[in-house]
Amino acid sequence: MSKTTGWGARLRYEFDKSMAAGAIALIGWLALISLVVIIFAGAFLAITQIAPEGGSPVSFIEGAWESLMRTMDAGTMGGDAGWGFRGVSLVVTIAGIFVFSALIGVLSAGIEDKLSELRKGRSLVLEKDQTIILNWSPSIFDVISELVIANQSRKHPRIVIMAHKDKVEMEDEIADKIDDLKNTKIICRSGDPTDLYDLSIVNPQTSRSIIVLSPEGDDADSQVIKSVLALVNDPKRREKPYQIAAEIRESRNAEVARMVGGKELQLVLADNLISRIVVHSSRQSGLSAVYSELLDFDGCEIYTIDQPAIVGKPFGAAAMTYEKCTLIGLCDAEGAVHLNPPPSRIIVAGEKAIIIAEDDAAIKSTAMELRIEKQAVLPAVKRTPGPERTLLLGWNRRGPIISTELSRYVAPGSLLTIAADTPELEADIAALNDISGNLTINYRIIDTGSRAALDALDIPQYDHVLVLGYSDHMAPQTADTRTLVTLLTIRRIAEKAGRHISVVSEMTDVRNRELAEVTRADDFVVSNKLVSLMLAQASENDTMAAIFDELLDEEGSEIYMRPISDYVAIDAPRDFYTVSYSALRRGEIALGYRRQRLEDEDSRNLGGVVVNPPKGEKVSFLETDRVIVLARD
């Protein structure tokens, strides 16, 4: 028999295999060595009749016990007498020192390995009804903050996060940036959100909802789509549909994502969402506050809920039966969303109501008789929009989308001037030449932080000014700093011209919004915050993405701010029932109003915007106040 196949080689091989089993195998071998030493010493004492000086010989059992004591505690042999017995005890004690020293080392290494394994975050999550967040991005902190607010009414809420990031590092960042998690517990796991095995660690089969963030880095959309594919097509997935909200950056990838996710997926097109809100806010001051209020859990929210009490009623009549909430649309049995349907449409069984309310407990219809001040209701006023001049300062990947969206709303003869200094600006402008016959586009390559360059643009001549961050070419804080410099320069130009300039600015980090208040811009659209709010809402409401698709679609019902004096006479305080009745007569839904008063703290914080006011409360309006309506034009 050769050396490679002999018994010695076989024994060495078997020993190597046992060692590969880890700490348990090592402990087993040490226990075996201890047992051999104890048995040998007990047998030797029993056979040789060696006894302690002045004592009687010991049996095998007693000898084994004495040996065990000396193996476990070296000090036991200190009282031994007689050199023969001492010699046996010394050998046993030395063997015990070796075994137990090795045992302590093995246990220490095993505990360290276990702690290291726990640090990696690879253990199975055994939770139920948890919200899962896949991937890591700057938006995650806002998403968690919103979910914490939404979870306050739930028992033992859990948020489970999986990303390509160290578990402890994730936990530390969350602790640093979110002060109070209230009753929500965060569980972090490290892994690949596109891998089926790793996804099984967060246990999606028991989840309440799943949010897939767009990760940092290149080809983010592909990773999001692959994660959705892994969730939906997992052979071990549950039968009940998942509720998945996923963020996609580029609209060209939306079709593939929808094909993969099917009805289980709500898609948030991040760049489209931000661009549309920027455009809408630029044309109607204060509108960004309305969108933020509707998306923020800490205020009025949009609910899709069964309301049997209004079945069989015309939509207009049903809308007037709510005092502390606002009926804005219906979701039919097939799941299609219909915002601002005709007032005469009869609500049928199986349709859910889409309602704005403070919380679901406030959603109650009443049968009380309404006392509408019909004499205060004014006939509709038709206003024909004229050409607009818009200046866009700065440029990023959302610039082309903003330009295209703007072209859909402006009247013929409108002008868009783009001023920036990014490398791709000229190529992007060339691709925009034929977007619409209503809008003429020209551009200037300038440093938007330069006072001289901005002075040369004659900014006061423009009706609207949009300031975009250079987020594609700079770190978020650096991009926001440059935006702040541009806004401060515009403020000085406005002060010198002695007139107000309507300015809407995109910010990357919500923390910089407070710094930007000093620039006195009309609206700040915080891109990461809006996307986070939308994802959080979509994880709780499976119709939210469809609702906002229609709110921001030129062919659907959109939010407008119009003079309150066009709807009701403002010579006396009016309740919102009367305002709502006037809006319904025009095929519109009144959502709230905008009025700024120095004594009104909440009004100043939201730019004077009040969404879903109590309809029975009378309010004094001024000529400058606006009513917020949901209308088709």
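Residues numbered from 1 in each chain as written. Predicted model: local features only at pLDDT ≥ 70, side-chain atom pairs only at ≥ 80, totals over all residues. Heavy atoms only, no water.

Draft legend 1. Representation of a nonpolar patch on the surface within the structure. Together, Trp-29, Leu-32, Leu-35, Val-36, Ile-39, Phe-60 and Ile-61 make up an exposed nonpolar region whose accessible area comes to about 650 Å². Of all the elements in the fold, those that place two or more residues in the nonpolar patch are helix H2 (23-48) and helix H3 (60-72). Along the chain, the position of Val-36 falls in helix H2. (Patch = residues over 30% accessible without salt bridge, like charges linked within 9 Å, V, L, I, M, F, W, Y side chains within 5 Å. Areas by Shrake-Rupley, 256 points an atom, 1.4 Å probe, with all protein chains shown as cover. Salt bridge = Lys/Arg side-chain N within 4 Å of Asp/Glu carboxyl O. Helix = DSSP H or I, 4+ residues; strand = E, 2+ residues; numbered from the N terminus.)

Draft legend 2. Seen up close, the packing of helix H10 (residues 270-283) against helix H13 (residues 399-407). Across the interface, H10 lies against H13 with an axial gap of 9 Å and an inter-helix angle of 50 degrees. In terms of orientation, H10 lies oblique with respect to H13. The element H10 and its partner H13 pack so that their crossing is right-handed. Listed contacts from H13 to Asp-271, Asn-272, Ser-275, Arg-276, Val-278, Val-279 and Arg-283 of H10 are Ile-401, Ile-402, Glu-405 and Leu-406. When its residues are assigned to classes, the contact of H10 with H13 shows five nonpolar, two polar and four charged. (Axes fitted to C-alpha atoms, helices over the stretch in contact; angles between N-to-C directions. Parallel < 35°, antiparallel > 145°, perpendicular 65-115°, else oblique. Left-handed = near helix turned anticlockwise from the far one by under 90°. Contact = heavy atoms within 4.5 Å. Nonpolar A, V, L, I, M, F, W, Y, C, P; charged D, E, K, R; others polar.)

Draft legend 3. Structural view of the packing of helix H11 (residues 287-295) against helix H18 (residues 527-540). Running from N to C, H11 and H18 point in directions that differ by 35 degrees, and their axes come no closer than 9 Å. Considering the relative orientation of H11 and H18, their crossing is left-handed. Each of Ser-292, Leu-294 and Leu-295 in H11 lies in contact with H18, whose residues at this interface are Leu-530, Leu-533, Met-534 and Gln-537.

Draft legend 4. Region of interest: the nonpolar core. Counting residues in hydrophobic clusters, the biggest one holds 99 residues, and the most contacted among them are Ile-133, Ile-144, Ile-161, Phe-548 and Ile-559. Aside from chain neighbours lying at most four places away, what touches Ile-161 is Ile-133, Trp-136, Ile-140, Ile-144, Met-170, Ile-174, Ile-186, Ile-187, Cys-188 and Arg-189. Counting residues in hydrophobic clusters, the runner-up holds 27 residues, among them Ile-132, Leu-134, Leu-199 and Val-228. (Core = buried A, V, L, I, M, F, W, Y, C linked by side-chain atoms within 4.5 Å. Buried < 20%, exposed > 50% of the residue type's maximum accessible area, 1.4 Å probe, protein only.)

Draft legend 5. A look at a negative patch on the surface. On the surface, Asp-298, Glu-358, Asp-359 and Asp-360 cluster together to form a negatively charged patch. Looking at the secondary structure, you find Asp-359 in the loop between strand S10 (352-357) and strand S11 (389-393). (Lys, Arg positive; Asp, Glu negative; His and termini not counted. Charge placed at Lys NZ, Arg CZ, Asp CG, Glu CD.)

Draft legend 6. Main features of the confidence of the model for the chain. Residues of the chain with pLDDT of at least 70 account for 86%, and the chain-wide mean is 85. Taken together, the stretch residues 601-605 has pLDDT below 50 and engages in eight contacts with residues farther than four places along the chain or on a different chain. (pLDDT = per-residue confidence, 0-100.)

Draft legend 7. Just the pattern of salt bridges, in detail. Evaluated as defined, the whole model comprises 28 salt bridges. One salt bridge connects Arg-237 with Glu-264, and the closest N-O pair in it is separated by 2.8 Å. One end of the pair, Arg-237, is in the loop between helix H8 (220-232) and strand S5 (244-248); the other, Glu-264, is in the loop between helix H9 (254-261) and strand S6 (265-269), with 27 residues separating them in the sequence. In this structure, a network of salt bridges that share partners links the residues Asp-271, Arg-397, Arg-398, Asp-472 and Glu-506.

Draft legend 8. Representation of the sheet that holds strand S19 (residues 589-594). If you walk across this open sheet you meet the four strands as S17-S22-S19-S20, and the pairing is antiparallel. Two strands close off the open sheet at either side, each with one partner strand: strand S17 (558-563) and strand S20 (609-611). Between one strand axis and the next, the sheet turns by 30 degrees as a mean value, whatever way the strands run. Docked against the sheet, helix H20 (residues 576-585) engages S19 and strand S22 (626-631), running at close to 130 degrees with respect to S19. (Pairing = 2+ DSSP bridges.)

Draft legend 9. Representation of the sheet that holds strand S14 (residues 464-467). The sheet built from six strands is open, its strands ordered S13-S12-S11-S14-S15-S16 with parallel pairing. The open sheet is flanked by strand S13 (439-445) and strand S16 (523-526), the only strands paired with a single partner. Across the sheet, the axes of successive neighbouring strands diverge by a mean angle of 15 degrees, strand direction being ignored. The pairing of S11 with strand S12 (residues 414-420) spans five bridges and is parallel. Following the sheet pairing, Arg-389 is matched in S12 by Leu-415. Against the sheet, helix H16 (residues 476-497) makes contact with S11, S14, strand S15 (503-507) and S16, and its axis sits at roughly 165 degrees relative to S15, the strand it touches most.

Draft legend 10. Fine view of the environment of Asp-296. Along the chain, Asp-296 falls in the loop between H11 and strand S7 (301-305). Counting along the chain gives 237 residues from Asp-296 to Leu-533, while the straight-line C-alpha distance between them is 6.2 Å. For Asp-296, the contacting residues outside a window of four places in its chain are Glu-146, Glu-301, Leu-533 and Gln-537. A distance of 2.8 Å separates the side chain of Asp-296 from the backbone nitrogen of Asp-298, its partner in a polar contact. (Polar contact = N/O pair within 3.5 Å; in protein donor to acceptor, adjacent residues only side chain to side chain.)

Draft legend 11. A look at unusual backbone geometry. Phi angles above zero are rare outside glycine, and Asp-129 is one such case at about 60 degrees. With respect to the helices, strands and loops of the structure, Asp-129 is situated in the loop between helix H4 (83-120) and strand S1 (130-134). For Asn-340, which is not glycine, the phi torsion reads 50 degrees and is therefore positive. Within the fold, Asn-340 resides in the loop between strand S9 (337-339) and S10.

Draft legend 12. A look at the packing of aromatic side chains. Under the defined criterion, the tally for this structure stands at four aromatic pairs. The interplanar angle of 55 degrees and the centroid separation of 6.3 Å between the aromatic rings of Tyr-291 and Phe-548 together place this pair among those described as tilted. With Tyr-291 in helix H11 and Phe-548 in helix H19 (residues 544-551), this pair connects stretches of sequence that are 257 residues apart. In this pair, the class of Tyr-291 matches that of Phe-548, namely buried. Between Phe-576 and Tyr-593 the ring centres are 6.1 Å apart and the planes differ by 55 degrees, which places this aromatic pair in the tilted class. Separated by 17 residues along the polypeptide, Phe-576 in helix H20 and Tyr-593 in strand S19 bring together distant segments of the chain. Each residue in the set Phe-576, Tyr-593 and Phe-621 is aromatic and connected to the rest through ring pairs, giving one cluster. The ring of Tyr-470 carries Arg-482 above its face, with NZ or CZ at 4.3 Å from the centroid. A cation over a ring is seen here: Arg-562 above Tyr-560, with NZ or CZ 4.6 Å from the ring centre. (Phe/Tyr/Trp six-rings, centres within 6.5 Å; stacked < 30°, edge-to-face > 60°. Lys NZ or Arg CZ within 6 Å of the ring centre and 35° of its normal.)

Draft legend 13. Structural detail: the side chain of Asn-135. Tracing the sequence through the fold places Asn-135 in the loop between S1 and helix H5 (140-150). Here the side chain of Asn-135 touches Leu-213 through a polar contact of 2.9 Å, landing on its backbone oxygen. Residue contacts for Asn-135: discarding those within four places in its chain leaves Ile-140, Met-162, Ala-163, Pro-193, Val-212, Leu-213, Pro-215 and Val-224.

Draft legend 14. Layout of the layout of surface pockets. Roughly 1300 Å³ of volume is contained in the second largest pocket. Together, 40 residues line the second largest pocket, and Gln-284, Arg-383, Tyr-560, Met-561 and Arg-562 are the ones closest to its centre. Of all the secondary structure elements, the ones that give two or more residues to the lining of the second largest pocket are H10, S17 and S22. At six residues, S17 tops the list of elements feeding residues into the lining of the second largest pocket. For the lining of the second largest pocket, a count of residues per class yields 14 nonpolar, 11 polar and 15 charged. (1 Å grid on protein atoms, 1.4 Å probe; cavity = no way out; pocket = protein on both sides within 12 Å on 5 of 7 lines; lining within 4 Å. Points joined across faces, edges and corners; volume = space filled by probe spheres on them.)

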